[in-house]
Structures are given as structure tokens and as C-alpha cells.
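So the chains spell out like this:
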Amino acid sequence: MQKPIAILCNPRAGKHRSAKIFQTITSKLVERSIPFHGFEEEWPDQLNGFSAAWLIGGDGTLNYFINHYRQARLPLAIFKGGTGNDFAEYLYGKANTTEMVDIILQARPKPIDAGICNGQLFLNTIGIGFDGKVLEQMNTIRWMGSFFGYYTAIIKNIFTFKEPLYSIQSDQQQPVKGRFLLVLVSNAPTTGGGFKVSPFARPDDGALNVITCGPLSVIKRLCSLPSVRTGNHLRFPFIHHHTIQSIQIDCALRVPAQVDGELMVTNSFTCNVLPKHYLFLY
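Residues numbered from 1 in each chain as written. Predicted model: local features only at pLDDT ≥ 70, side-chain atom pairs only at ≥ 80, totals over all residues. Heavy atoms only, no water.

### A look at the overall build of the chain
Then, in step 1: Per the secondary structure count, the chain includes seven helices and 14 strands.
Then, in step 2: Relative to a compact globule of 282 residues, whose C-alpha radius of gyration would be 19 Å, the chain shows 19 Å and is just as compact.
Then, in step 3: Principal-axis analysis of the C-alpha atoms gives the chain an extent of 60 × 40 × 30 Å.
Then, in step 4: Once local pairs closer than 6 in sequence are excluded, the contacts in the chain between residues at least 24 apart make up 71%.
Then, in step 5: Surface accessibility of the chain: about 12900 Å² in total, with carbon and sulfur atoms responsible for 55%.
Then, in step 6: Side chains of the chain carry 27 positive and 20 negative charges; the gap between the two charge centres is 6 Å. (Helix = DSSP H or I, 4+ residues; strand = E, 2+ residues; numbered from the N terminus. Rg over C-alpha atoms; globule rule 2.2 N^0.38 Å. Contact = heavy atoms within 4.5 Å. Areas by Shrake-Rupley, 256 points an atom, 1.4 Å probe, with all protein chains shown as cover. Lys, Arg positive; Asp, Glu negative; His and termini not counted. Charge placed at Lys NZ, Arg CZ, Asp CG, Glu CD.)

### Re the nonpolar core
Then, in step 1: In terms of nonpolar packing, the biggest core is built from 46 residues, with Trp-54, Phe-65 and Phe-280 touching the most fellow members.
Then, in step 2: Sequence-distant contacts of Trp-54, that is, excluding residues within four places in its chain, are made with Ile-5, Ala-6, Ile-7, Leu-8, Ile-25, Leu-29, Ala-77, Phe-79, Val-101, Ile-104, Leu-105 and Leu-281.
Then, in step 3: Counting 22 residues, the second largest nonpolar core, distinct from the first, contains Ile-126, Ile-128, Val-183 and Val-273. (Core = buried A, V, L, I, M, F, W, Y, C linked by side-chain atoms within 4.5 Å. Buried < 20%, exposed > 50% of the residue type's maximum accessible area, 1.4 Å probe, protein only.)

### Some details on the pairing of strand β4 (residues 76–80)
Then, in step 1: With five of five residues buried, β4 lies mostly within the body of the structure.
Then, in step 2: Of the two faces of β4, the one lined by Leu-76, Ile-78 and Lys-80 and the one lined by Ala-77 and Phe-79 are each fully buried.
Then, in step 3: Here five bridges tie strand β3 (residues 52–57) to β4, and the two strands are oriented parallel to one another. Each residue of the ladder has a partner; that of Ile-56, found in β4, is Phe-79.
Then, in step 4: Handedness of the crossover joining β3 and β4 through helix α2 (residues 59–68): right-handed. (Pairing = 2+ DSSP bridges. Right-handed = clockwise from strand over helix to strand, strands pointing away.)

### Regarding the pattern of salt bridges
Then, in step 1: Per the counting criterion, the structure on display carries six salt bridges.
Then, in step 2: Where Glu-41 meets Arg-12, a salt bridge forms, and the shortest distance between an N and an O atom there is 3.7 Å. Taken as a pair, Glu-41 in the loop between β2 (36–39) and β3 and Arg-12 in the loop between β1 (5–9) and α1 (18–31) lie far apart in primary sequence, 29 residues in all.
Then, in step 3: Judged by its relative accessible area of 55%, Arg-12 is exposed. (Salt bridge = Lys/Arg side-chain N within 4 Å of Asp/Glu carboxyl O.)

### Looking at the environment of Asp-250
Then, in step 1: With respect to the helices and strands, the residue Asp-250 is situated in strand β13 (residues 246–259).
Then, in step 2: What makes Asp-250 partly exposed here is its relative accessible area of 30%.
Then, in step 3: Considering only alpha carbons, one finds Asp-250 and Asn-85, 165 residues apart in sequence, at a separation of 29 Å.
Then, in step 4: Only 3.0 Å separates the side chain of Asp-250 from the side chain of Gln-248, close enough to count as a polar contact.
Then, in step 5: Within the structure, Asp-250 has its side chain in polar contact with the side chain of Ser-268 (distance 2.8 Å). (Polar contact = N/O pair within 3.5 Å; in protein donor to acceptor, adjacent residues only side chain to side chain.)

### Section: a nonpolar patch on the surface
Then, in step 1: On the surface, a cluster of nonpolar side chains totalling about 420 Å² of accessible area is made up of Ile-155, Phe-159, Val-218, Ile-219 and Leu-222.
Then, in step 2: Of all elements in the fold, only α6 (146–160) and α7 (218–230) reach the threshold of two or more residues within the nonpolar patch.
Then, in step 3: Considering each element in turn, the nonpolar patch owes the most residues, three residues, to α7. (Patch = residues over 30% accessible without salt bridge, like charges linked within 9 Å, V, L, I, M, F, W, Y side chains within 5 Å.)

### A short note on the packing of α1 against helix α4 (residues 97–106)
Then, in step 1: The contact between α1 and α4 brings their axes to 10 Å, and the two run at 45 degrees. The angle between the axes of α1 and α4 places the two elements in the oblique class. Handedness of the crossing formed by α1 with α4: right-handed. Contacts between α1 and α4 involve Ile-21, Thr-24, Ile-25, Lys-28 and Leu-29 from the former and Thr-97, Thr-98, Val-101, Asp-102 and Leu-105 from the latter.
Then, in step 2: Its residues placed into classes, the contact of α1 with α4 shows five nonpolar, three polar and two charged. (Axes fitted to C-alpha atoms, helices over the stretch in contact; angles between N-to-C directions. Parallel < 35°, antiparallel > 145°, perpendicular 65-115°, else oblique. Left-handed = near helix turned anticlockwise from the far one by under 90°. Nonpolar A, V, L, I, M, F, W, Y, C, P; charged D, E, K, R; others polar.)

Right, here's the structure in full:
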């Protein structure tokens, strides 16, 4: 007897778009006589007995799932139902919900790396300092959507954010100490609703990408922003980029960081890659 698919919906994601996506998915599965069990409010304690888990939500929903079901080894899929859908966009491009169902049903599971920072798993990006401060402020303007909300918070911090002092040590580079506008540790290329902050990061290469940005004047911050959107900022002399398997980042102050869109505030970040930690259908 065929095991059912677990469909886990976040009903509050993406201005409540997830309910419509849920209906589209379940209708397609009913048409094909594929068994499923939908969870729109309360998710199950464990996922034994299911053939796969399909999530409906954004990057925050995905981050909740991987930290709630830390040992999940069944094939996963993520539908674009959130404010920010960077990981789903990486896996499925511009495919709509109906097209995604077809892609996922035909796909074979492929291994995907995860990262872990201070015990918290992530699939996209950790942004320490500037990026974390943007998230702190963006939490109050989510009604604007990911693109405009992200830009609004960025513009405010371009004028106000001061670079903290960091000590950084990785397995691939000599220790570095200095002030940085931004420190990024990425497993995938985009964050913040399509900003290509780490264009060479790939979630299946067994490594994490680190990007640091040195101190910048307000004018340089403003001029550099369009390049971050398109992923052309690595050419700037104040940007440094390399790949690692592990890194230790310490700061003189407690600083905010965004971990797949979730806020973390501390003065010490220990990050490692977990190769082939999950299976995704794409």
C-alpha cells in the first residue's frame, strides 16, 4: 500500500496565500489518486509512515521545519507560499504551483547540504550585523512584502548602521580582525526575496560561502546596493569571498543576525556545513 504524502501548510505565511496553494496541490493529488494527509494548523509530532513531506510557506516555514524535524530523512519539497521564497525559487525557478506539483512528482530525491550555527540549522543564509539589523526592523513592516519591506529597512540602515569589530577564524583562511559592515555565511545564493548576496553558493557542494564587506561611507553603501540585488558586488575591493566548512565569528558586542529570516542576537557564532543532510525533490 502506497504511503501518503504529508502536506504541511503554514496558514499564516505569505499574507495567507498558502490556503489557496494547499487547495491547488490537493486537487492535483486527488485527480491522480495519490494518497496524502494535509496538516493546515497543527503539524504531526513525527513523520514516520509518510512517503514525503511537502511544505507550503516561505523560508521561515522551511527553517521551522528543519529545526523541528531535525532528523527528517524522507524526501522534502517546498512550495512558494511565503513572503520570502528564496530556497524554493532556487530549486524550482519561476514554476507555479501546478507546475511544481508535476516537477516534484517526477523528481528523484537529491541530497542537499544544511548549515548549522550555534545549534540552529539553516538552508539559505546567515547575515550578521547589517543584515540582522534589517530583519529587526523588517519584522514591523512585513505588510509591505519581502521586496519593498527589505528595501525600506535597508535604506534606513544605510544611513544609521555602524560597523562592529569582529574576529573571524575559519578552516580555510588565516584569522582576521576588523570592522565589517556585513558578514554573510551562505549555503544558497539568494536571500531577502531575491537579493543575490552570495551568487556562487550552492546547497549541494559540501561547503558554505563566506562574504565580508568592509566599512563604507553612506555614499558607497547607496551606490553598492543595486549590485547586491543582481549579484555583481563581488567585484568590489571592499568585498571578500571564500568557501569554508567551518567558521568562528566573534564580535565585541552582541549583534543581531538573521538565520534564514529568523532573528538571533549574540556575540559569538559557530558555523559548520552538514553535507548531504537532507533530500529534496526538484
